[in-house]
Amino acid sequence: MSIAIVTDSTAYLPPKSIQRSGNIFVIPVPILWHGKTFEDMVNLKPEFFYNQLPKSPKLPTTSTPNLGKVANLLDNLSLQGYTNVIFIPMSKGISSFSNILHKFEDRSRPKVHIFESNSTCGGNEMLVLLASRLAKQNFSVHEVLAGLDLLRSSLTIEFIVKDLNYLKRTGRISNIERLFGNLLNIRPILAMDTHDSGKISVIAKERTEKHALSHIQQDLNKALAEKSQFPYSAVIFDGNHLTKKRQWTQYLKKEFSDIRFSSSILGPAIGCHTGPGVLGIAWAYDWQVIAEDMSKKHSKARSEIRP
């Protein structure tokens, strides 16, 4: 049994990770802008996107990936010998893509399995990399999905934005929250409901960016204070806020030396909905440690059944 891992471009995986994996496949999210259809991270890159966004009289929008392209990818994966495909799409709370993918669940080869990530960006990066590692270690589909469940159960995503109008325009936040934030010059802290709906909501409000980041750090501290099965890792991400991300990353590495940190971005497809100036973090059990633990248990179980 051979398992392919498919995600969409909003996981914003490092290109080297995709190349090294050999079993990760990415479907670009279409972006409609200036009367053209672009593909996220293919012919529309973050630097150009965020440079042009404030100048554009009409804001870009996203659409779900073309089902024909999904079908073609599945056909190609079958020809490559894959018998199963695990889809890890962006959260159902911000996109209909995961719901559309259920149309492919009646395929016999490759057999399609949808994992509801309730996440995007840094969270999906960790989920996809775990799934890829487990698949390459010959775990079954059921075991890979169980590993993903464990990682998702520990996942938290919190972030701040500069302009709530982007989220309001695309229906990602209520009008009341938008007005309250803008009128009182408050920096809201937003989170994805990674354990249920996958939707974005305001969880707190602070007067400044510094205080908002401090609030997120307190939430991270609370998570670390609880009894946990595994150590944590975290992905720090930004949408055209690189200098501040570097400063915050440096600070977090000193304050939370037990956490393995990595860096990512919010590319155009998510930037359409959040605007520029986003800074956030996704934290969860360290996916590498989960993979190592599952591998050890797997090896032990095999040795115990040998005569």
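Look up a bit, the structure's there.
Heads up: these notes are all about the structure in this document. The structure displayed is predicted, hence computed values, not measured ones.

Side note on the pattern of salt bridges
Here's step 1: This structure, assessed with the given rule, holds seven salt bridges.
Here's step 2: Here Arg-107 and Asp-75 are joined by a salt bridge, their closest N and O atoms 3.1 Å apart. Taken together, the residues Arg-107 in the loop between helix H4 (97-101) and strand E7 (111-114) and Asp-75 in helix H3 (residues 67-79) connect sequence positions 32 residues apart.
Here's step 3: With a closest N to O distance of 2.8 Å, Asp-238 and Lys-245 form a salt bridge.

A word on the nonpolar core
Here's step 1: Judged by nonpolar contacts, the single largest core of 78 residues is most densely connected at Ile-86, Ile-88, Leu-148, Leu-151 and Ile-281.
Here's step 2: Of the residues forming this core, the biggest block, nine residues, is contributed by helix H5 (residues 121-136).
Here's step 3: Setting aside its immediate chain neighbours within four residues, Ile-86 contacts Ile-3, Ala-4, Ile-5, Val-6, His-113, Phe-115, Val-141, Val-144, Leu-145 and Leu-148.
Here's step 4: Core analysis: the next-biggest nonpolar cluster, separate from the first, contains 16 residues, Val-6, Val-70, Phe-104 and Val-112 among them.

Concerning the packing of helix H9 (residues 209-225) against helix H10 (residues 242-255)
Here's step 1: Two elements in contact, H9 and H10, have axes whose closest approach is 13 Å; the angle formed by their N-to-C orientations is 40°. Here H10 runs oblique to H9, going by the angle between their axes. For the crossing formed where H9 meets H10, the hand is right-handed. Judged by residue contacts, Glu-209, Leu-213, Ile-216 and Gln-217 of H9 engage Lys-244, Trp-248, Tyr-251 and Leu-252 from H10.

Structural notes on the packing of aromatic side chains
Here's step 1: Throughout the structure, instances matching the rule amount to five aromatic pairs.
Here's step 2: On the basis of an interplanar angle of 75° and a centroid distance of 5.0 Å, the ring pair of Phe-49 and Tyr-50 is categorised as edge-to-face. The pair formed by Phe-49 and Tyr-50 is uniform in burial state, with each residue classed as buried.
Here's step 3: On the basis of an interplanar angle of 65° and a centroid distance of 5.5 Å, the ring pair of Phe-230 and Tyr-285 is categorised as edge-to-face.

So, the pairing of strand E2 (residues 24-27)
Here's step 1: Summarising the sheet, strand E1 (residues 3-8) and E2 pair through four bridges and their orientation is parallel. Among the inter-strand pairings, Asp-8 is bridged to a residue of E2, identified as Ile-27.
Here's step 2: Read from E1 through helix H1 (residues 15-21) to E2, the crossover connection turns out right-handed.

Details of the sheet that holds strand E3 (residues 30-33)
Here's step 1: Read across the sheet, three strands follow the order E4-E3-E5 without closing on themselves; strand pairing throughout is antiparallel. Looking at which strands have only one partner, the edges of the open sheet turn out to be strand E4 (36-39) and strand E5 (61-62).
Here's step 2: In this sheet, E5 lies alongside E3 in antiparallel orientation, the contact comprising two bridges. Within E5, the position partnered with Ile-31 by the bridge is Thr-62.

Concerning the sheet that holds strand E13 (residues 278-285)
Here's step 1: Within the open sheet, the six strands sit side by side as E10-E9-E8-E13-E11-E12. Their pairing is mixed. With partners counted over all chains shown, the strands left at the sheet margins are strand E10 (200-206) and strand E12 (260-265), one partner each. Across the sheet, the axes of successive neighbouring strands diverge by a mean angle of 20°, strand direction being ignored.
Here's step 2: Examined bridge by bridge, strand E11 (residues 232-239) and E12 share six bridges and lie parallel to one another. Counterpart to Val-235 in the pairing with E12 is Ser-262.

Some details on the side chain of Arg-187
Here's step 1: Counting through the fold element by element, Arg-187 comes out in strand E9 (residues 187-192).
Here's step 2: Residue class for Arg-187 comes out buried when judged on its relative accessible area of 15%.
Here's step 3: Engagement of the side chain of Arg-187 in a polar contact is seen with the backbone oxygen of Val-161, the distance being 3.2 Å.
Here's step 4: Excluding residues that lie within four positions of it along the chain, Arg-187 makes contacts with Ile-160, Val-161, Lys-162, Ala-204, Lys-205, Glu-206, Arg-207, Thr-208, Glu-209, Ala-212 and Gly-277.

Focus on unusual backbone geometry
Here's step 1: Here the bond from Arg-109 into Pro-110 is cis, since omega is -10°, no more than 30 degrees from zero.
Here's step 2: On the secondary structure map, Pro-110 appears in the loop between H4 and E7.
Here's step 3: You will see that Asn-138, though not glycine, has its phi angle at about 65°, which is positive.
Here's step 4: By secondary structure assignment, the location of Asn-138 is in the loop between H5 and helix H6 (141-153).
Here's step 5: Here Asn-240, not a glycine, exhibits a phi torsion of approximately 60°, which is positive.
Here's step 6: Residue classification places Asn-240 among the partly exposed residues on the basis of a relative accessible area of 49%.

What counts, and at which threshold
Residues numbered from 1 in each chain as written. Predicted model: local features only at pLDDT ≥ 70, side-chain atom pairs only at ≥ 80, totals over all residues. Heavy atoms only, no water. Salt bridge = Lys/Arg side-chain N within 4 Å of Asp/Glu carboxyl O. Helix = DSSP H or I, 4+ residues; strand = E, 2+ residues; numbered from the N terminus. Core = buried A, V, L, I, M, F, W, Y, C linked by side-chain atoms within 4.5 Å. Buried < 20%, exposed > 50% of the residue type's maximum accessible area, 1.4 Å probe, protein only. Contact = heavy atoms within 4.5 Å. Axes fitted to C-alpha atoms, helices over the stretch in contact; angles between N-to-C directions. Parallel < 35°, antiparallel > 145°, perpendicular 65-115°, else oblique. Left-handed = near helix turned anticlockwise from the far one by under 90°. Phe/Tyr/Trp six-rings, centres within 6.5 Å; stacked < 30°, edge-to-face > 60°. Pairing = 2+ DSSP bridges. Right-handed = clockwise from strand over helix to strand, strands pointing away. Polar contact = N/O pair within 3.5 Å; in protein donor to acceptor, adjacent residues only side chain to side chain.

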